[in-house]
Amino acid sequence: MNVDQIFEELSAKLGRWMPESEIRKKAELAFRINQLKKERNAVILGHNYMEPALFHSIPDFTGDSLELARLAAQTDKDIIVFCGVKFMAETAKILNPQKTVLLPALNAGCSLAESITAEDVRNLKRKFPDVPVVTYVNTYADVKAESDVCCTSGNAAKVVESLKNDTIIFLPDEYLARNVARQTGKHIIFPSKSKGWPEAPTDKLLDYQFIGWHGRCEVHELFTVGDVEDAREKYPGVVVMAHPECSPEVTQAADFAGSTSAMIKFVQENKAPSYLLLTEGSMADNIAGLYPEKNILRIKGHRCPHMQQITLEDTLLALQKNQFVIDVEESVRLRAKRAVQRMIEIV
Ligand code: 13P
Ligand code: SF4
C-alpha cells in the first residue's frame, strides 16, 4: 500500500475524531515502517491496546496476549517486532529463541509483572510444597521459570481446571485470581503484609484451594461498580464489558468479562447498539474504528502508561536501529518455556 492508500484506510477508521493532518503524518510513518518491515523480513505483532493509528496500520497481526504468543511461536520471519509490553516480547523470545525480538520502547513494563519476583515465588513454594504454581503471563521470564504452568485472561479457568488439584498457587493478579476462583468455585487466601502467611498445615490445605498474591493492574483497578451503575442509568440498554483484571465486584456488575480479543469478538457478534468497555482506553477507540455503526462508550480515558510508550515513531526507530533486542538467559528461558508451552497445549 502506498501512503495515500494507508491515509484512506486510516481516515475511514479514525477520520471522525482525528484531524486530517495528523492522519497524514501517521500514514507516512506507517508507510516507512511497512517498507522496512519487508526489507528486514520482519513481522509486527500488535496488542489490542496499541494506539489506534498504529493498531490500524502496521501490525501483520493484532490480538490478545494468548493469540500473539501463539503467532510469535509460529512465525518464520527473521525479526519479531512486538508492539506491546516487555513481558509479551519476552514470551515471544521464550517460545521462538532463534528470532530477533524487538520491543520499540524498553520502559514498556506492567504493574502486574513488577509486583512479584522469582524469589517471592520460591518462598511460596517453600511454604506450600507440592502445590502447583499457575502464573499469569503478565510476569517476567524468571517468574515464569519458577512456575508449573502459565495462563492468560483468555484461558485462566481452563488452565486451573486442567490441573485437577485441590490447592493452587495463582500469581500475581489478585483480581484475576478472585475472578477465576469464583468461576471455578474455589476459596482464596492471600498473604498479609503485617501478619505474614497464615499457617497452613498440610491437612488444612484443602480449605484454602487458591493461594493468591496482591498484584494489581494499575489501569483495571481504577474501574468501579459506580462506573457501571452510572452508565446503565445514562445509557439504558448499554452492554457493559469488563476485563478480568477488574475487581470481582466490577466483573459481576458487568454483562460480559473476557480477554481483550474476547471483548472485540463480543462486540462484533452482538446486535446491541451501545457498549461500555471497562479496559484500557485505546481499545475502545480501536473497536470504534472497526465498528463505526456501534456506539462505543468509554466513561474514563484510563490509559496504560506502558502500552502508551509504543508509538509509530519508536517502531520505525526499532527497525532502523535494531532496538531494543529482548533476550532471555538460556537456563531461565528453558524453564519458562515449559510453563508457557504447557499453557499453549492445554487450550
Ligand atoms: P489480554 O491477554 O486480555 O490481551 O490482556 C493483556 C493485558 O495486559 C490486559 O491488561
Ligand atoms: Fe499491565 Fe495493566 Fe498495562 Fe495490561 S493494562 S500491560 S496489566 S499495567
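Residues numbered from 1 in each chain as written. Chains lettered and ligands numbered in written order. Predicted model: local features only at pLDDT ≥ 70, side-chain atom pairs only at ≥ 80, totals over all residues. Heavy atoms only, no water.

A. Fine view of the overall build of the chain. Each helix and strand counted, the chain has 17 helices and 13 strands in total. For the chain, whose C-alpha radius of gyration is 21 Å, the value lies close to the compact-globule estimate of 20 Å for 347 residues. Based on the C-alpha atoms only, the size of the chain along its principal axes is roughly 70 × 55 × 35 Å. Taking all 347 residues of the chain together, 58% fall into the buried category. Partitioning the contacts of the chain with sequence separation of at least 6, the portion at a separation of at least 24 is 65%. (Helix = DSSP H or I, 4+ residues; strand = E, 2+ residues; numbered from the N terminus. Rg over C-alpha atoms; globule rule 2.2 N^0.38 Å. Buried < 20%, exposed > 50% of the residue type's maximum accessible area, 1.4 Å probe, protein only. Contact = heavy atoms within 4.5 Å.)

B. The arrangement of empty space enclosed by the protein in detail. For the coordinates displayed, the defined rule picks out 3 cavities of 30 Å³ or more. Considering only enclosed or pocket space, the largest cavity measures out at about 250 Å³ in volume. Lining the largest cavity we find 28 residues, and of these Tyr-49, Phe-87, Asn-138, Glu-245 and Met-307 sit closest to its centre. Within the residue set of the lining of the largest cavity, elements represented by two or more residues are helix H4 (65–74) and helix H5 (86–95). (1 Å grid on protein atoms, 1.4 Å probe; cavity = no way out; pocket = protein on both sides within 12 Å on 5 of 7 lines; lining within 4 Å. Points joined across faces, edges and corners; volume = space filled by probe spheres on them.)

C. Summary view of the sheet that holds strand E2 (residues 61–63). Strand order in the open sheet formed by 4 strands is E2-E1-E3-E4, and the pairing between neighbours is parallel. This sheet does not close on itself; its edge strands, each paired only once, are E2 and strand E4 (100–102). The average undirected angle you get between the axes of adjacent strands in this sheet is 20 degrees. Taken together, the 5 bridges between strand E1 (residues 42–47) and strand E3 (residues 79–83) define a ladder with parallel strand orientation. Each bridged residue has a counterpart across the sheet, and for Gly-46 the counterpart in E3 is Cys-83. Running over the sheet, H4 touches E1, E2 and E3 and is turned about 145 degrees from E2. (Pairing = 2+ DSSP bridges. Axes fitted to C-alpha atoms, helices over the stretch in contact; angles between N-to-C directions.)

D. Geometry of the site of ligand 2. Lining the immediate surroundings of ligand 2 are Tyr-49, Cys-110, Ser-111, Leu-112, Asn-138, Cys-217, Val-219, Glu-245, Cys-304, His-306 and Met-307. With respect to the pocket detection grid, ligand 2 is positioned in the largest cavity. Looking at side-chain class alone, the shell around ligand 2 contains 7 nonpolar, 3 polar and 1 charged residues. (Near = heavy atom within 4 Å. Sits in = over half its atoms within 2 Å of the grid points. Nonpolar A, V, L, I, M, F, W, Y, C, P; charged D, E, K, R; others polar.)

E. Molecular detail of the layout of surface pockets. Size it by volume and the largest pocket reaches roughly 300 Å³. If you trace the largest pocket, you find 18 residues lining it, with Ser-153, Gln-183, Pro-244, Ala-257 and Gly-258 closest to the centre. Considering each element in turn, the lining of the largest pocket owes the most residues, 5 residues, to helix H10 (residues 174–184). The computed volume of the second largest pocket comes to approximately 230 Å³. For the second largest pocket, the full set of lining residues is Met-1, Phe-31, Asn-34, Gln-35, Lys-37, Lys-38, Asn-41, Ala-42, Ser-57, Ile-58, Asp-60 and Lys-77. The element contributing the most residues to the lining of the second largest pocket is helix H2 (residues 20–39), with 5 residues. Within the lining of the second largest pocket, the residues separate by chemical class into 4 nonpolar, 4 polar and 4 charged.

F. Quick peek at the pairing of strand E12 (residues 274–278). With respect to burial, E12 is a largely interior element, 5 of its 5 residues being buried. Residues Ser-274, Leu-276 and Leu-278 line one face of E12 and the alternating positions Tyr-275 and Leu-277 line the opposite face, and both faces are buried. Bridge analysis of strand E10 (residues 239–242) against E12 gives 4 bridges, and the strand direction is parallel. For Val-239, the partnering residue across the bridge sits in E12 and is Tyr-275. The pairing of E12 with strand E13 (residues 295–297) spans 3 bridges and is classified as parallel. Across the sheet, residue Ser-274 finds its bridge partner in E13, namely Asn-295. After leaving E12, the chain enters helix H15 (residues 281–290) and then returns to the sheet as E13, a path that is right-handed. (Right-handed = clockwise from strand over helix to strand, strands pointing away.)

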